[in-house]
Amino acid sequence: MLEKNRKERGSDMKRGILLVGFVLLLSACKQEPMIHISPDVQASIDKKAADRQGTTNNSTAETSASMTEISGEVDTSAWQKAPEATQYDISHYTPNGINQLKEFETSEGTQLVYTDYTDNNRQLWQIRTLLPNGRANVSIYQLTKEGWQISWQALDSLDTTSHLDQVSHTNRIPYLMAPIQVGTMWQDSQGSRSTITNLYQSAKIGDATYEDVIEVTTFRSDQEVHTYYAKDQGLVMSSQKAINSGGENIALTLKSNQHQVSIIQSINIAKPSNQMNPILTKGTGKLTWQTNQNPGKTFTELFRKEGWINASVEVKDIKIDSQIATVDFTPGVVAAMNQHTARETAVLPAIVQTIADYYGVSQVKLTVGGLILSPDTLPMPANGIWEVNPSWLGSNP
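How each quantity is defined
Residues numbered from 1 in each chain as written. Predicted model: local features only at pLDDT ≥ 70, side-chain atom pairs only at ≥ 80, totals over all residues. Heavy atoms only, no water. Helix = DSSP H or I, 4+ residues; strand = E, 2+ residues; numbered from the N terminus. Buried < 20%, exposed > 50% of the residue type's maximum accessible area, 1.4 Å probe, protein only. Areas by Shrake-Rupley, 256 points an atom, 1.4 Å probe, with all protein chains shown as cover. 1 Å grid on protein atoms, 1.4 Å probe; cavity = no way out; pocket = protein on both sides within 12 Å on 5 of 7 lines; lining within 4 Å. Points joined across faces, edges and corners; volume = space filled by probe spheres on them. Nonpolar A, V, L, I, M, F, W, Y, C, P; charged D, E, K, R; others polar. Phe/Tyr/Trp six-rings, centres within 6.5 Å; stacked < 30°, edge-to-face > 60°. Salt bridge = Lys/Arg side-chain N within 4 Å of Asp/Glu carboxyl O. Core = buried A, V, L, I, M, F, W, Y, C linked by side-chain atoms within 4.5 Å. Contact = heavy atoms within 4.5 Å. Pairing = 2+ DSSP bridges. Axes fitted to C-alpha atoms, helices over the stretch in contact; angles between N-to-C directions. Parallel < 35°, antiparallel > 145°, perpendicular 65-115°, else oblique. Left-handed = near helix turned anticlockwise from the far one by under 90°.

Details of the overall build of the protein
The helix and strand inventory of the protein stands at five helices and 20 strands. Classification of the 397 residues of the protein by burial places 54% in the buried group. Of the roughly 18600 Å² of accessible surface on the protein, a fraction of 47% belongs to carbon and sulfur atoms.

Regarding the layout of surface pockets
Size it by volume and the largest pocket reaches roughly 1500 Å³. Per-class residue counts for the lining of the largest pocket are 20 nonpolar, 18 polar and five charged.

Details of the side chain of glutamate 306
For glutamate 306, the position within the fold is in the loop between α3 (295–305) and β16 (315–321). Residue glutamate 306 is classed as buried on the basis of its relative accessible area of 18%.

Focus: the packing of aromatic side chains
By the definition in use, this model includes 13 aromatic pairs. Aromatic pair phenylalanine 299 and tyrosine 359: ring centres 6.1 Å apart, planes at 35°, arrangement tilted. Of the two residues, phenylalanine 299 sits in helix α3 while tyrosine 359 sits in helix α5 (residues 343–359), which places them 60 residues apart along the sequence. There is no split in this pair, since phenylalanine 299 and tyrosine 359 are both buried. Between tyrosine 358 and tyrosine 359 the ring centres are 5.0 Å apart and the planes differ by 85°, which places this aromatic pair in the edge-to-face class. When its relative accessible area of 5% is taken as the criterion, tyrosine 359 is described as buried.

Brief notes about the pattern of salt bridges
In total, this model carries five salt bridges according to the counting rule given. Across the salt bridge formed by lysine 271 and glutamate 306, the nearest N and O atoms sit 3.6 Å from each other. In this pair, lysine 271 sits in strand β14 (residues 263–272) while glutamate 306 sits in the loop between α3 and β16, placing the two residues 35 residues apart along the sequence. Here lysine 319 and aspartate 317 are joined by a salt bridge, their closest N and O atoms 3.1 Å apart. One salt-bridge network, in which partners are shared between bridges, spans Asp119, Arg122 and Asp165.

What to know about the nonpolar core
With 40 residues, the main nonpolar core has Phe299, Phe303, Phe329, Ile351, Ile355, Val364 and Leu366 as its most contacted residues. Secondary-structure elements contributing two or more residues to this core are β14, β15 (280–289), α3, β16, β17 (324–329), α4 (333–337), α5 and β18 (363–368). A total of 10 residues in this core trace back to one element, the largest contributor, which is α5. The residues touching valine 364, leaving out its near neighbours within four places in the chain, are Ala325, Val327, Val352, Ile355, Ala356, Gly384, Ile385 and Trp386. Counting residues in hydrophobic clusters, the runner-up holds 37 residues, among them Ile90, Phe104, Tyr141 and Val213.

Some details on unusual backbone geometry
Between alanine 178 and proline 179 the backbone carries a cis peptide bond, its omega angle lying at -5°. Summarising the element assignment, proline 179 is placed in the loop between β7 (173–177) and β8 (185–187). Cis geometry is adopted by the peptide bond preceding proline 278, which originates at asparagine 277 and carries an omega value of -5°. Even without being glycine, aspartate 212 reaches a positive phi, approximately 50°.

Regarding empty space enclosed by the protein
One water molecule sets the probe size; rolling that probe over the atoms shows where empty space is left. Tallied over the entire structure, the rule returns one cavity of 30 Å³ or more. Along the walls of the largest cavity sit 13 residues, with Tyr117, Thr160, Trp289, Gln293 and Thr298 positioned nearest its centre. Residue assignment for the lining of the largest cavity shows that the elements contributing at least two residues are β3 (109–119), β15 and α3. Residue contributions to the lining of the largest cavity peak at three residues, all from α3. When the residues that make up the lining of the largest cavity are grouped by side-chain class, the tally is six nonpolar, six polar and one charged.

So, the pairing of strand β6 (residues 147–154)
Along β6, eight of the eight residues are buried, which leaves the element largely enclosed by surrounding structure. Pairing of strand β5 (residues 136–144) with β6 involves seven bridges; the strand directions are antiparallel. Directly across from threonine 144, in β6, lies its bridge partner glycine 147. The turn joining β5 and β6, which pair antiparallel and follow one another in sequence, is formed by two residues.

So, the packing of α3 against α5
Between α3 and α5, the least distance of the axes is 13 Å, while the angle of their chain directions is 135°. With respect to α5, the axis of α3 lies oblique. Like other packed secondary-structure pairs, α3 and α5 cross with a definite hand, here right-handed. For the pair α3 and α5, the contacting residues are Pro295, Phe299, Leu302 and Phe303 in the first and Ile351, Thr354, Ile355, Tyr358 and Tyr359 in the second. Partitioning the contact of α3 with α5 into residue classes produces eight nonpolar, one polar and no charged.

Things to note about α3
Buried within α3 are the following residues: Pro295, Gly296, Thr298, Phe299, Thr300, Leu302 and Phe303. As for α3, its buried residues are in contact with β3, β14, β15, β16, β17 and α5. Within two residues after α3, glycine 307 carries a phi angle of roughly 80°, on the positive side.

Shown next, in the form of structure tokens:
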């Protein structure tokens, strides 16, 4: 059975992913390449985030009309069909590549897709889909001799750790099956039937021209869905229409496709307030990550930027087990926390609260080289596991 995490998180701090915070910066550096989101897309994202918070941002009140509605039928008349008996190599249709960022235009707004982790030996790709509503879904795709299949899923997941070891070897969802030739068919456990109905040597979608495009037609109980995959690009467009009814609607179109990029993600964090009560205040911080990056490196950069640790201290790793997040530091972390003006009294709770909110847990274990972290002044909790205390933020239990 595929794991599905549908946990609802009520507080603002547990919403975690805010699409308004995605800032992609252009960089010539090969190790940290980044890009800009287009102004109209950023405006749409900003407005949606403001609407969710019950506020109005005058500077982003106007959004691109193309972002509010996608309609019309797919016109394939000018596309160049492949000769009969053509067969494409399925290995060229990876759902998403290493450090690849896709920006899709949907009827709900902008949808971003990024690759979290890969394992080339096992042909596994852990891919995150950041939805227009600020939520995120994570899927693990696996290339087998039968084709591309989804081997694990988590819905509404804020966890950026690797789940490549949790894949199912028996219960998989077919995604794109081999051989890649007209007539190949498959069916999922819900009864949806898919067929490769056309292969195109070239296809122009919007302003982009794609090569070796696959058209898959899927019949569900009440819908007919057409999905298009391009060589070395993966999914580029899909459309749908109700069975036995009117016109077709384009549901999703690839708007930009960038390779070798990092993401800077704005998240909710807790900051020392420099007061006795409450000791923490709500704020925002930025996480930067690339494919296959250890989450410890991601949070090392955040904690250093906030001044909670210094340059001599690192977060070695972060693991989630049984709803407990374990954060392992290198030696010197307590001394580093006490260099902050708020000292460990507020810095340690800030770390615990931020990690707990980001990963959707209520307990955080702090260790140093695998051993329980021992603070200088704060009382040690049992087994070194810290419980989030609502009073830290001035909330009632």
